[in-house]
Amino acid sequence: MTDALRAAVRAAMPLARAELERLVRIPSVAFPGFPVEPVREAAEATRDILASAGYQGARLIEIPGGQPAVYAEIPAPPGAPTVLLYAHYDVQPAGDGWQGDAFTPVMRDGRLRGRGAADDKAGIIMHALAVRAHGGRPPVGVKVIVEGEEETGASHLEASLADYRQILQADAIVVADAGNWKLGAPTLTTTLRGVVKAVVEVRTLEKPVHSGLFGGPAPDALVALVRMLAGLYDEAGNTAIPGLTREPWVGLDYPEAEFRRQAGILPGVGLAGTGSLSEQLWSSPAAAIIGLDAPRVEGAGNALVPVARAAIALRVPPNHDPAVAFDLLERRLRALAPRQVHVDIRCEGLGAGFAVATGAPAFAAAQRALERAYGVPAVQMGSGGSIPLIPALAAAFPGASIVMWGVEDPDAGIHGPNEGVDLDELERMALAEAIFLEELAALRS
Ligand SMILES: [Zn+2]
């Protein structure tokens with residue numbers, strides 16, 4: 001059966017590529033301030049692609065207060081289980097640094113490049129291909145939900161998941177919004193870190209004042225803020241917030257050379273932190289300073305800074321409560337604030353982490369599917385990132401096993417310039433998903 005599925009996926013690849021290019025051309029950025037028309041257009045294109053792959057009842061689901069989701073299904077043959085497939089059609093804003101236009105797909109250096117080509121429009125194509133490979137009649141029931149607000153961090157689908165319990169009910173959930181740890185190395189993602197977004201503001205003066213006449217005793221807000229931020233780390237560079245601890249990591253050991261290359265770390269620059277890379281990336285807290293409001297260097301007046309702000313993204317280990325993590329962060333920052341400067345700390349978003357139940361039969365079925373598609377056993381890795389819908393789905397459907405995989409390998413450049421998907425990897429992962437449907441059917445017979 002593998003050979004037949006392999007041949008069917010291969011035969012469908014030219015169409016799959018055309019469909020992916022069609023999706024990439026639509027700038028479906030769902031962030032506030034971006035036009036909403038392309039978002040809806042991408043939802044409609046997704047609906048059409050799913051329908052043409054053999055899904056039934058493909059339609060937009062209007063999500064109150066949010067962007068539409070796309071839903072389609074294939075009813076289960078009698079006695080067979082049902083799987084829910086997830087992807088998202090919204091994308092990150094283009095950002096800077098692209099060679100050419102971010103929304104004009106182009107084949108370069110072995111990848112089909114364009115914003116969303118990997119994250120996560122390729123996930124939609126995977127779900128289409130997996131069903132297409134079965135001629136539209138897979139041996140299990142298949143439901144597919146494609147969300148339009150994953151990247152914004154304000155998923156209204158997540159918020160109103162309870163309303164969709166009935167239609168999304170499934171025995172297993174496949175999230176195609178992850179990737180192999182490196183190209184061609186089949187990988188299941190088993191953990192996600194949680195995330196806390198916070199903004200800290202420090203005020204010290206009524207207004208900017210002359211740095212010569214007042215500098216020294218008059219407290220500078222930027223200096224105070226910088227000291228507070230520095231205090232979030234220990235000497236070795238580990239994020240050190242009392243109460244926020246590491247969890248143990250079992251699974252892939254991330255090799256340093258590969259990590260340095262994938263992350264683009266400059267020659268000679270040392271890595272931060274202690275412990276194995278896997279543990280640091282996937283089961284440890286990590287605070288990043290992602291934004292800073294302070295006077296620009298260009299044209300900076302020679303004055304003390306009265307107010308400064310920083311945005312912090314704090315990743316938390318999979319089983320930590322992000323609300324508790326925010327409290328710990330706030331407590332730590334307040335403790336670090338020097339000389340009673342005025343400190344305001346706001347929580348701008350919380351996302352829970354997640355750990356897959358790796359003992360579930362569906363998880364083993366996914367491992368077998370990857371091995372059949374790639375010819376080598378699958379490894380397990382964590383994800384340093386967060387997909388808040390996953391823990392919400394897991395909570396809504398406690399009996400459903402979760403499988404996280406996809407085509408977002410570290411060199412896919414997701415969220416960065418020149419994002420690109422390797423089409424051979426897309427073909428292999430679509431085959432793995434097609435085989436997974438077969439493996440899932442076998443669990444019940
Ligand atoms: Zn994504």
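Computed from a prediction, not measured in an experiment: that's the story for all the values here. (Residues numbered from 1 in each chain as written. Predicted model: local features only at pLDDT ≥ 70, side-chain atom pairs only at ≥ 80, totals over all residues. Heavy atoms only, no water.)

A separate point is the overall build of the chain. Helix and strand counts for the chain come out as 12 helices and 18 strands. A compact globule built from 445 residues should have a C-alpha radius of gyration of about 22 Å, and the chain, at 23 Å, falls within 12% of that. Dimensions along the principal axes, computed over C-alpha positions, put the chain at roughly 80 × 45 × 45 Å. Looking at the 445 residues of the chain, the share that counts as buried comes to 53%. Here the chain holds 38 positive side-chain charges and 52 negative ones, and the gap between their average locations is 1 Å. (Helix = DSSP H or I, 4+ residues; strand = E, 2+ residues; numbered from the N terminus. Rg over C-alpha atoms; globule rule 2.2 N^0.38 Å. Buried < 20%, exposed > 50% of the residue type's maximum accessible area, 1.4 Å probe, protein only. Lys, Arg positive; Asp, Glu negative; His and termini not counted. Charge placed at Lys NZ, Arg CZ, Asp CG, Glu CD.)

The next thing to look at is the coordination of the zinc ion. Protein coordination at the zinc ion: the donors are His 88 (NE2), Asp 119 (OD), Asp 177 (OD) and Asp 177 (OD), at 1.9 to 2.6 Å from the metal. Coordination geometry of the zinc ion: the 4 donor atoms subtend angles of 53 to 147 degrees at the metal centre, consistent with an arrangement described as irregular. (Donors = N, O, S within 2.8 Å, 3.2 Å for Na, K, Ca; no water. Tetrahedral: all angles 85-135°; square planar, octahedral: opposite > 155°, others 65-115°.)

Another aspect to go through is the domain arrangement of the chain. As assigned here, the chain comprises domain 1 (2-192 + 353-443) and domain 2 (194-247 + 284-351). Taking only C-alpha atoms into account, the centre of domain 1 sits 36 Å from that of domain 2. Contacts between the two partners involve 9 residues from domain 1, matched on the other side by 6 residues from domain 2. Of the roughly 540 Å² buried where domain 1 meets domain 2, counting both sides, 52% is carbon and sulfur surface. (Domains from an automatic or database assignment. Contact = heavy atoms within 4.5 Å. Buried area = accessible area lost by both parts, 1.4 Å probe.)

Counted according to the given criterion, the structure contains 21 salt bridges. Glu 201 is the partner of Arg 203 in a salt bridge, and the nearest nitrogen-oxygen pair spans 2.9 Å. In this structure, the salt-bridge partner of Glu 348 is Arg 346, at a minimum N-O distance of 3.0 Å. Here Glu 348 falls in the partly exposed class, since its relative accessible area comes to 47%. (Salt bridge = Lys/Arg side-chain N within 4 Å of Asp/Glu carboxyl O.)

Time to look at the packing of aromatic side chains. Scanning the entire structure with this criterion turns up 5 aromatic pairs. Geometrically, the ring pair formed by Trp 405 and Phe 436 is edge-to-face, given 5.7 Å between the ring centres and 80 degrees between the ring planes. In this pair, Trp 405 is assigned in strand S17 (residues 401-405) and Phe 436 in helix H12 (residues 423-443), connecting sequence segments 31 residues apart. Exposure class is identical for Trp 405 and Phe 436. Each is buried. Ring pairs connect the aromatic residues Trp 181, Trp 249, Tyr 254, Phe 259 and Trp 282, which therefore count as one cluster. (Phe/Tyr/Trp six-rings, centres within 6.5 Å; stacked < 30°, edge-to-face > 60°.)

Here we come to the sheet that holds strand S14 (residues 342-351). Overall, antiparallel pairing links the 4 strands, which are arranged S11-S13-S9-S14 in an open sheet. Pairing within the sheet leaves two strands with one partner each, and these edge strands are strand S11 (286-293) and S14. Sheet twist, expressed as the mean angle between neighbouring strand axes with direction ignored, is 20 degrees. Judged from the 10 bridges that link them, strand S9 (residues 194-203) and strand S13 (residues 307-316) form a sheet pairing that is antiparallel. By the bridge assignment, Val 200 is partnered in S13 with Ala 310. Here helix H6 (residues 221-230) sits on the sheet and contacts S9, S11, S13 and S14; the angle it forms with S13, its principal contact strand, is near 15 degrees. In the packing of helix H9 (residues 322-336) onto the sheet, the strands contacted are S9, S13 and S14, and the crossing angle to S14 comes to about 160 degrees. (Pairing = 2+ DSSP bridges. Axes fitted to C-alpha atoms, helices over the stretch in contact; angles between N-to-C directions.)

Here we take up the environment of Ala 7. With respect to the helices and strands, Ala 7 occurs in helix H1 (residues 2-24). Owing to a relative accessible area of 46%, Ala 7 belongs among the partly exposed residues under this scheme. Measuring from C-alpha to C-alpha, the distance between Ala 7 and Val 174 comes to 23 Å, with 167 residues separating the pair along the chain.

A large share of strand S6 (residues 141-147) lies buried, amounting to 7 of its 7 residues. Burial of S6 is two-sided: the residues Gly 141, Lys 143, Ile 145 and Glu 147 facing one way and the residues Val 142, Val 144 and Val 146 facing the other way are all buried. Pairing of strand S2 (residues 69-74) with S6 involves 5 bridges; the strand directions are antiparallel. Looking at the pairing, Ala 72 lines up with Val 144 of S6. Pairing of strand S3 (residues 82-88) with S6, which is carried by 7 bridges, proceeds in the parallel orientation. Each residue of the ladder has a partner; that of Thr 82, found in S6, is Gly 141.

Further remarks concern the layout of surface pockets. Considered as a void within the structure, the second largest pocket measures approximately 160 Å³ in volume. In the lining of the second largest pocket, the residues fall into 7 nonpolar, 6 polar and 1 charged. Summarising the domain contributions, the lining of the second largest pocket has at least three residues from each of domain 1 (2-192 + 353-443) and domain 2 (194-247 + 284-351). (1 Å grid on protein atoms, 1.4 Å probe; cavity = no way out; pocket = protein on both sides within 12 Å on 5 of 7 lines; lining within 4 Å. Points joined across faces, edges and corners; volume = space filled by probe spheres on them. Nonpolar A, V, L, I, M, F, W, Y, C, P; charged D, E, K, R; others polar.)

The next point concerns the sheet that holds strand S4 (residues 106-108). Across the sheet, which stays open at both edges, the 3 strands sit in the order S4-S5-S18 with antiparallel pairing between neighbours. The open sheet has two free edges, formed respectively by S4 and strand S18 (420-421), since each of these has just one partner strand. With 2 bridges joining them, strand S5 (residues 111-113) and S18 adopt antiparallel strand pairing. By the bridge assignment for S18, Arg 113 is matched with Gly 420.

Our next topic: the side chain of Glu 247. For Glu 247, the location among the structural elements is in the loop between H6 and helix H7 (256-263). Of the side chains bearing the opposite charge, Arg 193 lies closest to the buried Glu 247, which forms no salt bridge; the N-O distance is 9.8 Å. Reaching out from Glu 247, the side chain makes a polar contact with the side chain of His 320 at a distance of 3.0 Å. (Polar contact = N/O pair within 3.5 Å; in protein donor to acceptor, adjacent residues only side chain to side chain.)

Between helix H3 (residues 121-132) and H12, the shortest axis-to-axis distance is 8 Å and the interhelical angle comes to 50 degrees. Our classification of the angle between H3 and H12 gives oblique. Every pair of crossing elements has a handedness; the one defined by H3 and H12 is right-handed. Taken together, the residues of H12 that come into contact with H3 (itself represented by Ala 122, Ile 125, Met 126, His 127, Leu 129 and Ala 130) are Leu 426, Met 429, Ala 430, Glu 433, Ala 434 and Leu 437. Its residues placed into classes, the contact of H3 with H12 shows 10 nonpolar, 1 polar and 1 charged. (Parallel < 35°, antiparallel > 145°, perpendicular 65-115°, else oblique. Left-handed = near helix turned anticlockwise from the far one by under 90°.)

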